[in-house]
Amino acid sequence: MPGKGDAPVLPGARAVARHVRISPMKARRVVNLVRGLPAKEALTVLQFAPQAASEQVYKVLASAIANAENNERLDPDALLVSEAFVDEGPTMKRFQPRAQGRAYRIRKRTCHITVAVEAVAPAAPRKSANKAAPAKQTAPAETQSNTEGAE
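Going by what an unreviewed UniProt entry lists, the protein is known as Large ribosomal subunit protein uL22 and is assigned to Micromonospora sediminimaris. You can read under Sequence similarities (unreviewed entry) in the UniProt record for the protein the words "Belongs to the universal ribosomal protein uL22 family." The record in UniProt for the protein states the following under Subunit (unreviewed entry): "Part of the 50S ribosomal subunit."

Written as structure tokens, this is what we have:
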């Protein structure tokens, strides 16, 4: 329920991937690439990003777009990545045997990736200034004023 100072909520959808087996720091690096971009452009950026986490973030973003399209009936071309963040998940602890009976702890970190998209008005194609304003026709007026002054 929105309060007094809340802004109007735009239509949108979100998707969450939980317990993803990648470090949160590595996933945040990829999520920062796409935050604020149009959804289609963000998919393209993730498709060609060299980081390993980009595949997981791509899947979450594609799921958020599909949720917006199927559940909210929104146009996928008019979506914007409004919110994208990574939270730390549970850490699996493993042990590596070392010399002289010691054991080193190995931490296998997980994360929760959340991506939210919202609908924005599609940007209208820009027209060049020459085509937008027709040229004024001043020739007939000038010829008329020239003929009056000659008489």
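(A) Region of interest: the sheet that holds strand 5 (residues 111-119). What the three strands build is an open sheet, ordered 1-5-2; its pairing is antiparallel. The sheet is open, and its two edges are formed by strand 1 (12-20) and strand 2 (79-88), each paired on a single side. Strand-to-strand twist in this sheet, taken as the mean axis angle between neighbours without regard to direction, amounts to 15°. As paired strands, strand 1 and strand 5 are joined by seven bridges and run antiparallel to one another.

(B) Quick peek at the packing of helix 1 (residues 24-34) against helix 2 (residues 39-48). At a minimum axis distance of 9 Å, the contact between helix 1 and helix 2 shows a crossing angle of 140°. When the axes of helix 1 and helix 2 are compared, the pair comes out oblique. Handedness of the helix 1/helix 2 crossing: right-handed. For the pair formed by helix 1 and helix 2, the contact residues are Val30, Leu33 and Val34 on the first element and Ala42, Val45 and Leu46 on the second.

(C) Structural detail: the environment of Leu43. Secondary-structure assignment places Leu43 in helix 2. We classify Leu43 as buried; its relative accessible area is 13%. Taking the C-alpha atoms as reference points, Leu43 and Ser54, eleven residues apart in sequence, are found 9.6 Å from one another. Look past the residues within four positions of Leu43 in its chain and what remains in contact with it is Tyr58, Leu61, Ala62 and Ile65.

(D) Representation of the nonpolar core in the model. If you look at the biggest cluster of nonpolar residues, it comprises 31 residues, and the most contacted ones within it are Leu61, Leu79, Val81, Cys111, Ile113, Val115 and Val117. Taken together, the elements giving at least two residues each to this core come down to strand 1, helix 1, helix 2, helix 3 (53-70), strand 2 and strand 5. At seven residues, helix 3 tops the list of elements feeding residues into this core.

(E) Structural context of the pattern of salt bridges. Taken as a whole, this structure holds one salt bridge when the rule is applied. In this structure, the salt-bridge partner of Arg109 is Glu88, at a minimum N-O distance of 3.9 Å. You can see Arg109 sitting in the loop between strand 4 (103-108) and strand 5 and its partner Glu88 sitting in strand 2, a full 21 residues away along the chain. Classification of Arg109 as partly exposed rests on a relative accessible area of 32%.

What counts as what
- Counting from 1, residues in each chain are numbered in the order their sequence is written.
- Under the rules for a predicted model, residues below a pLDDT of 70 receive no local features and side-chain atom pairs below 80 are neither given nor counted, while totals for whole chains, interfaces and linings still include all residues.
- As a rule here, side-chain values come from all non-hydrogen atoms in the structure, and water together with hydrogens is ignored.
- UniProt positions are given in the numbering used here, feature names are shortened, and annotations may be inferred rather than shown by experiment.
- The pairing criterion is simple: DSSP has to find at least two bridges between the two strands.
- Helical segments are the DSSP runs of H or I of at least four residues, strand segments are the runs of E of at least two, and each set is numbered from the N terminus.
- A fitted line through C-alpha atoms represents every axis, and for helices the fit uses only the stretch in contact; the resulting angles, taken between N-to-C directions, go from 0 to 180 degrees.
- Our angle categories are set so that under 35 degrees counts as roughly parallel, over 145 as roughly antiparallel, 65 to 115 as roughly perpendicular, and the remainder as oblique.
- In this scheme the handedness of a crossing depends on how the near helix is turned from the far one: anticlockwise by less than a right angle means left-handed, clockwise means right-handed.
- Whether two residues are in contact is decided by their heavy atoms, any of which lying within 4.5 Å being enough.
- When a residue's accessible area, from a 1.4 Å probe over protein chains only, is under 20% of the maximum for its type it is buried; when over 50% it is exposed; and in between it is partly exposed.
- For this analysis, a nonpolar core means a set of buried residues of the types Ala, Val, Leu, Ile, Met, Phe, Trp, Tyr and Cys, connected via side-chain atoms within 4.5 Å.
- A carboxyl oxygen of Asp or Glu within 4 Å of a side-chain nitrogen of Lys or Arg is what we treat as a salt bridge.

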